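Listed here are the chains, written in short residue letters.
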Amino acid sequence: MSAVSEQEAPSPAGPRKGLSPRRKQRISRGVQYALLVVVVVVLAALADWGAIRQSFLNLDVAREGLPDLFTVALRNTVIYTLSGFVLGFVLGLVLALMRLSTVAPYRWLSTIYIEIFRGLPMLLIFLMIGSLRLAFPNFDIPGGVYGNAALGLGLVSAAYMAENFRAGIQAVPKGQLEAARSLGMPHMRAMVSIIIPQAIRIVLPPLTNQLVSLLKDSSLVLILGVTAAQVELAKFGNDQSSTFANPTPILVTGLTYLLITIPLGYVARRLEARQGAGR
Amino acid sequence: MSTVEISDLHKSFGRLEVLKGIDFTVESGQVVCVIGPSGSGKSTLLRCVNLLEQPTSGKVIVDGVDLTDPDVDIDAARRRIGMVFQQFNLFPHLTVRRNVTIAQERVLKRRRDECDSVARENLEKVGLLEKLDAYPPQLSGGQQQRVAIARALAMNPSLMLFDEPTSALDPELVGDVLSVMRQLAEDGMTMLVVTHEMGFAREVADRVVFMDGGVIVEDGPPEQVIADPRHERTREFLRRVLHPGTDPGT
């Protein structure tokens with residue numbers, strides 16, 4: 001756009017042939033609005049409103065899901081998510097410290113781990129966890145489905161969180177470690193008391209986003225084969241919609257996810273903004 | 001007994017040799033100021049004294065302990081050596097009180113109430129007792145540097161290292177930090193100070209060391225090194241530092 005105006009207008013103030021850039025922009029914007037209106041009108045005309053109300057906004061069917069939607073499904077989703085997050089947090093921190101270690105084999109191990117678990121789909125991890133019994137016949141992961149879910153979600157999120165923590169630790173100024181060491185703190189003590197608390201503050205926004213994506217990935221727990229009491233949101237919605245042959249419950253579970261993800265996303269953006277202002 | 005004894009100290013970063021054989025000593029209770037152009041190796045020398053930089057070769061003996069000996073517990077040795085940095089390096093996520101108590105508690109294993117009274121005593125010494133519960137980013141540069149001095153003193157060091165402690169300060173804040181250091185010198189603390197403050201060096205130092213190009217060019221009492229330097233390089237440096245006026249910020 002600006003390239004055009006430069007070509008056409010050797011004297012910017014004088015009158016010109018054709019349309020000015022500002023006029024062109026106004027016309028282009030008008031066309032875009034018109035197009036949007038047309039698309040909405042066409043979709044509205046094509047849709048069967050009666051059927052939509054019957055199938056997606058069926059309040060009678062939606063009511064059938066209560067209170068289990070919240071007391072069972074949402075509760076389980078939160079449990080799976082938080083337990084996976086806690087495991088991922090701890091393991092991720094250890095991996096980040098290994099990644100930054102002066103001991104080369106630690107660095108290699110951590111790098112290999114991170115590459116593998118960031119490179120695999122969560123679905124595949126859950127399928128493998130389901131077959132873990134074949135490799136370790138005498139070992140059961142404690143907690144049953146809950147333990148398996150925490151493991152799957154934790155193993156994968158640890159890889160992402162390790163990279164976040166590493167970036168956070170490296171963002172803490174070098175003088176902080178020097179000051180701590182010059183006070184006689186051993187390396188590990190300095191990391192725990194001085195460096196890591198500052199690093200966690202720095203990575204709070206990406207960690208919040210990680211929590212959101214874990215919440216969504218917790219829907220894959222259904223691969224593990226869950227009982228009615230262990231069901232989480234996505235499977236709950238799917239089961240209900242089969243029972244009533246009506247997709248309204250899927251829409252309802254979708255809204256329930258958004259009830260958590262949208263505020264969390266807002267929190268992450270607030271933390272980010274606060275950090276930007278604080279530095 | 002001499003507190004610091006450095007002999008034939010060399011330090012290289014890759015192929016760049018920054019220290020080319022340093023020999024010098026600091027007696028107990030002495031204040032030694034190290035001056036010299038930037039890049040002369042004076043900060044590196046200071047950082048070798050508490051092994052923040054690992055010397056390439058040579059010996060660093062503090063209070064009779066050879067720090068370059070791999071069998072020496074360097075963390076234990078560093079407890080006795082306070083260090084004050086150009087950029088203060090206070091812990092920004094902790095209150096002033098916690099900045100001064102955390103190492104006492106975690107490293108010296110002092111009881112909480114003892115940590116607290118030591119913190120108060122040292123913050124009073126630097127005139128900042130009322131900032132006990134403030135966070136470092138709420139303080140001015142000069143106040144932060146004084147807290148940093150209190151933090152180092154709380155460990156009861158036998159030696160204090162100062163790495164250009166006033167170079168990052170606005171000119172009107174330099175005086176407060178220097179007067180704390182002057183008081184410390186009067187109280188008999190052994191101090192090794194890298195500085196551009198010629199007035200402070202002349203007034204407080206027992207000895208002034210002039211470094212250039214990784215070697216000590218001149219070492220003697222301030223009235224000799226600053227007022228009547230023997231070497232052309234020292235004279236040249238002092239001309240440039242003293243005559244552009246009072247600006248310390250280079």
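All of these numbers come straight from a predicted model, not from anything done at the bench. (Residues numbered from 1 in each chain as written. Chains lettered and ligands numbered in written order. Predicted model: local features only at pLDDT ≥ 70, side-chain atom pairs only at ≥ 80, totals over all residues. Heavy atoms only, no water.)

Here we look at the overall build of chain A
Put simply, the rule reads: Where helices and strands are cited, they refer to DSSP runs of H or I of at least four residues and of E of at least two residues respectively, numbered from the N terminus. Each radius of gyration reported is based on C-alpha atoms, and the globular scaling rule is 2.2 Å times the count of residues to the power 0.38. Contacts between residues were defined by any pair of non-hydrogen atoms, one from each residue, lying within 4.5 Å.
In terms of regular secondary structure, chain A is built from 13 helices and zero strands. Put simply, chain A runs from its N terminus to its C terminus through helices and strands in the order α-α-α-α-α-α-α-α-α-α-α-α-α. For 279 residues, the compact-globule formula gives about 19 Å, and the C-alpha radius of gyration of chain A, at 27 Å, lies well above that figure. With the C-alpha coordinates aligned to their principal axes, the bounding extent of chain A is approximately 75 × 60 × 30 Å. For chain A, contacts bridging at least 24 residues in sequence account for 75% of all contacts bridging at least 6.

Topic: the pattern of salt bridges
Residue and element names in this part refer to chain B. To keep things clear, this is the line we draw: By definition, a salt bridge exists where a carboxyl oxygen of Asp or Glu is found within 4 Å of a side-chain nitrogen of Lys or Arg. Each residue is placed in one exposure class: buried if its accessible area under a 1.4 Å probe, protein chains only, is under 20% of its type's maximum, exposed if it is over 50%, and partly exposed if it falls in between.
Tallied over the entire structure, the rule returns 25 salt bridges over all chains. Here Asp176 and Arg146 are joined by a salt bridge, their closest N and O atoms 3.6 Å apart. One end of the pair, Asp176, is in helix H6 (residues 171-186); the other, Arg146, is in helix H5 (residues 141-153), and 30 residues separate them in sequence. Judged by its relative accessible area of 38%, Asp176 falls in the partly exposed class. Classification of Arg146 as buried rests on a relative accessible area of 11%. Salt bridges here are not isolated pairs; linked through shared partners, they connect Glu232, Arg235, Glu236, Arg239 and Arg240.

Focus on the interface of chain A and chain B
We apply this condition: Once two parts are joined, some of their accessible surface, as seen by a 1.4 Å probe, is lost; buried area is that loss totalled over both. Throughout this description, a polar contact denotes any pair of N or O atoms lying within 3.5 Å of each other; where both atoms belong to protein, one of them has to be capable of donating a hydrogen while the other can accept it, and for residues adjacent in sequence the pair is counted only when both atoms sit in side chains. Polar here means any residue outside two lists: the nonpolar Ala, Val, Leu, Ile, Met, Phe, Trp, Tyr, Cys and Pro, and the charged Asp, Glu, Lys and Arg; Gly therefore counts as polar.
Taken together, the contact between chain A and chain B spans 18 residues of the former and 22 residues of the latter. Summed over both sides, the interface between chain A and chain B buries roughly 1700 Å², with carbon and sulfur atoms accounting for 61% of that surface. The largest contributions to the chain A side of the interface with chain B come from Glu178, Ser182 and Leu183 of chain A, which together make up 34% of the buried area. Where chain A meets chain B, there are two salt bridges. Asp75 of chain B serves as the salt-bridge partner of Arg181 of chain A, at 3.1 Å between the closest nitrogen and oxygen. On the surface where chain A and chain B come into contact, there are six residue pairs in polar contact (both at pLDDT 80 or more). Per-element tally for the side of chain A that touches chain B: the top contributor is helix H10 (residues 174-182) of chain A, with eight residues. Classifying every residue of the side of chain A that touches chain B by side-chain character gives seven nonpolar, six polar and five charged.

Honestly, that's just the spatial picture; any functional story needs more than this.
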